[in-house]
Amino acid sequence: MTDMIGLFVHYRPVVLALPAGGCAAVANFLGFSNQEQLQTVLDDAGLLYKHPDFSDIATRLLKIELAESTLGGVLHQSLMSSESLTKRPHIFCWNLDAEILVEPISLQLKANNKGELLTFDVRMRSQNALFPGAHCPPALTNKLKEQRNLWWAYGKGEEMDGREYDSMEPAEQAAWSSIIEQMGLPSIQPAELVRALDEFADCAIDFQYSDQLLESMANYLSMPLEYLEAWQAEGDGVIIDVGDDKIQGFC
């Protein structure tokens with residue numbers, strides 16, 4: 001359907017923590033005798049998504065899904081910070097049948113003074129993630145697909161192009177003001193809307209270690225599975241860094 005809205009994110013890279021012995025456990029899970037052997041093969045493989053043996057490595061290691069809590073959380077929290085809004089706008093709703101295409105670029109297993117780490121350069125894209133809601137006119141759908149990465153639209157790039165943070169070019173300001181009028185939300189400022197949409201795209205595709213990897217890792221490390229599940233559920237200690245070069249947006 002042409003009115004559906006897609007999402008994309010590219011981690012360049014994302015850095016994930018592993019428990020002690022985790023690098024060897026990942027190598028074992030992927031069918032290699034040790035970390036060094038696996039890393040040599042990965043380094044020689046080129047773009048992993050084009051490699052017959054590693055094209056699915058991301059979905060084997062990670063459980064990747066649309067973050068339902070994000071739709072009801074980040075987007076609305078960002079917009080509701082405006083005191084002029086008295087009820088949540090209905091901008092998007094999830095397509096429950098959406099598919100996510102995952103393209104792994106490269107993977108490295110490292111051990112340093114921060115512990116054991118999995119460093120993943122990976123792209124994720126869902127072409128049919130969202131249906132437009134009552135406050136999403138065709139003009140907004142078209143603008144999101146045209147703009148794609150909203151990161152620059154409201155002045156996040158001020159250090160490179162001289163703009164002030166939260167500023168917009170006059171033409172962009174006018175275009176977004178027209179969209180806001182069609183949305184029926186005249187009290188929202190263009191920079192507020194664009195920032196909220198960017199923050200939504202930033203975490204709309206969620207991931208964590210796959211159940212299969214956790215089970216394999218628990219067996220390999222002679223560790224209770226419940227411990228690893230609880231460790232992952234805490235969240236903050238697993239994702240170490242999303243990288244300064246991460247990009248996200250709509251498609």
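Values in this document were obtained by computation on a predicted structure and should not be read as measured data.

Caption draft 1: Spotlight on the nonpolar core. Membership of the largest hydrophobic core comes to 68 residues, with the highest contact counts inside it found for L7, L61 and F250. In terms of residue count, strand β1 (residues 5-18) provides more of this core than any other element does, eight residues in total.

Caption draft 2: Quick peek at helix α1 (residues 22-29). Most of α1 sits inside the fold, with six of its eight residues counted as buried. The set of residues buried in α1 consists of G22, C23, A25, V26, A27 and F29. Downstream of α1 by a residue or two, G31 has a phi angle that is positive, lying close to 90°.

Caption draft 3: Expanded view of the packing of aromatic side chains. All chains considered together, the criterion is met by six aromatic pairs. An angle of 20° between the planes, with centres 6.4 Å apart, marks the rings of F200 and F250 as stacked. With a gap of 50 residues between them, F200 in helix α9 (residues 190-202) and F250 in strand β8 (residues 247-250) connect regions that are remote in the sequence. The buried category is assigned to F200, whose relative accessible area is 0%. When its relative accessible area of 0% is taken as the criterion, F250 is described as buried. When the centroid spacing of 6.2 Å and the interplanar angle of 20° are considered together, the rings of Y209 and W231 count as stacked. Taken together, the residues span a long stretch of sequence, with Y209 in strand β6 (residues 205-209) and W231 in helix α11 (residues 225-234) at a distance of 22 residues. With respect to class, Y209 is no different from W231; both count as buried. Through successive ring pairs, a cluster of aromatic residues spans F92, W94, F200 and F250. Against the face of F29 rests R60, its NZ or CZ located 6.0 Å from the ring centre.

Caption draft 4: Expanded view of a negative patch on the surface. Where like charges cluster on the molecular surface, the negative patch consists of D211, E215, E226 and E229. Those elements that place two or more of their residues in the negative patch are α10 (211-220) and α11. Relative to the assigned elements, D211 resides in helix α10.

Caption draft 5: Up close: the side chain of T141. Inspection of the secondary structure puts T141 in helix α6 (residues 138-147). Once residues within four sequence positions are removed from consideration, T141 is found in contact with D3, I5, P132 and C136.

Caption draft 6: Spotlight on unusual backbone geometry. Following R12, the chain continues into P13 via a peptide bond in cis, with omega recorded as 0°. Phi is positive for R148, which is not a glycine, with a value near 60°. Within the secondary structure, R148 is located in the loop between α6 and α7 (158-161). One non-glycine residue, S222, lies in the positive phi region at around 50°. Along the chain, S222 falls in the loop between α10 and α11.

Caption draft 7: How the structure looks around the environment of Y209. By relative accessible area, which is 1% here, Y209 ends up buried. As a C-alpha pair, Y209 and R60 span 149 residues in sequence and 8.8 Å in three-dimensional space. Setting aside residues no more than four positions away along its own chain, Y209 makes contact with L16, A17, L18, L61, L62, K63, L118, L214, W231, Q232 and V238. Here A17 takes part through its backbone oxygen, which lies 2.7 Å from a polar atom of the side chain of Y209.

Caption draft 8: View of the side chain of S126. Looking at where S126 falls in the secondary structure, it is placed in strand β5 (residues 115-132). Of the polar contacts made by the side chain of S126, one reaches the backbone oxygen of E99; its length is 2.8 Å. If we ignore the near neighbours within four places in the chain, the residues touching S126 are G6, L7, L66, A98, E99, I100 and C251.

Caption draft 9: The arrangement of the pairing of strand β2 (residues 62-66) in detail. Of the two faces of β2, only one is covered, namely that formed by L62, I64 and L66; the face formed by K63 and E65 stays uncovered. Sheet topology note: the β2/β6 ladder contains five bridges and is antiparallel. In the strand pairing of β6, I64 is matched with F207.

Cut-offs applied
Residues numbered from 1 in each chain as written. Predicted model: local features only at pLDDT ≥ 70, side-chain atom pairs only at ≥ 80, totals over all residues. Heavy atoms only, no water. Core = buried A, V, L, I, M, F, W, Y, C linked by side-chain atoms within 4.5 Å. Buried < 20%, exposed > 50% of the residue type's maximum accessible area, 1.4 Å probe, protein only. Helix = DSSP H or I, 4+ residues; strand = E, 2+ residues; numbered from the N terminus. Phe/Tyr/Trp six-rings, centres within 6.5 Å; stacked < 30°, edge-to-face > 60°. Lys NZ or Arg CZ within 6 Å of the ring centre and 35° of its normal. Patch = residues over 30% accessible without salt bridge, like charges linked within 9 Å, V, L, I, M, F, W, Y side chains within 5 Å. Areas by Shrake-Rupley, 256 points an atom, 1.4 Å probe, with all protein chains shown as cover. Salt bridge = Lys/Arg side-chain N within 4 Å of Asp/Glu carboxyl O. Lys, Arg positive; Asp, Glu negative; His and termini not counted. Charge placed at Lys NZ, Arg CZ, Asp CG, Glu CD. Contact = heavy atoms within 4.5 Å. Polar contact = N/O pair within 3.5 Å; in protein donor to acceptor, adjacent residues only side chain to side chain. Pairing = 2+ DSSP bridges.

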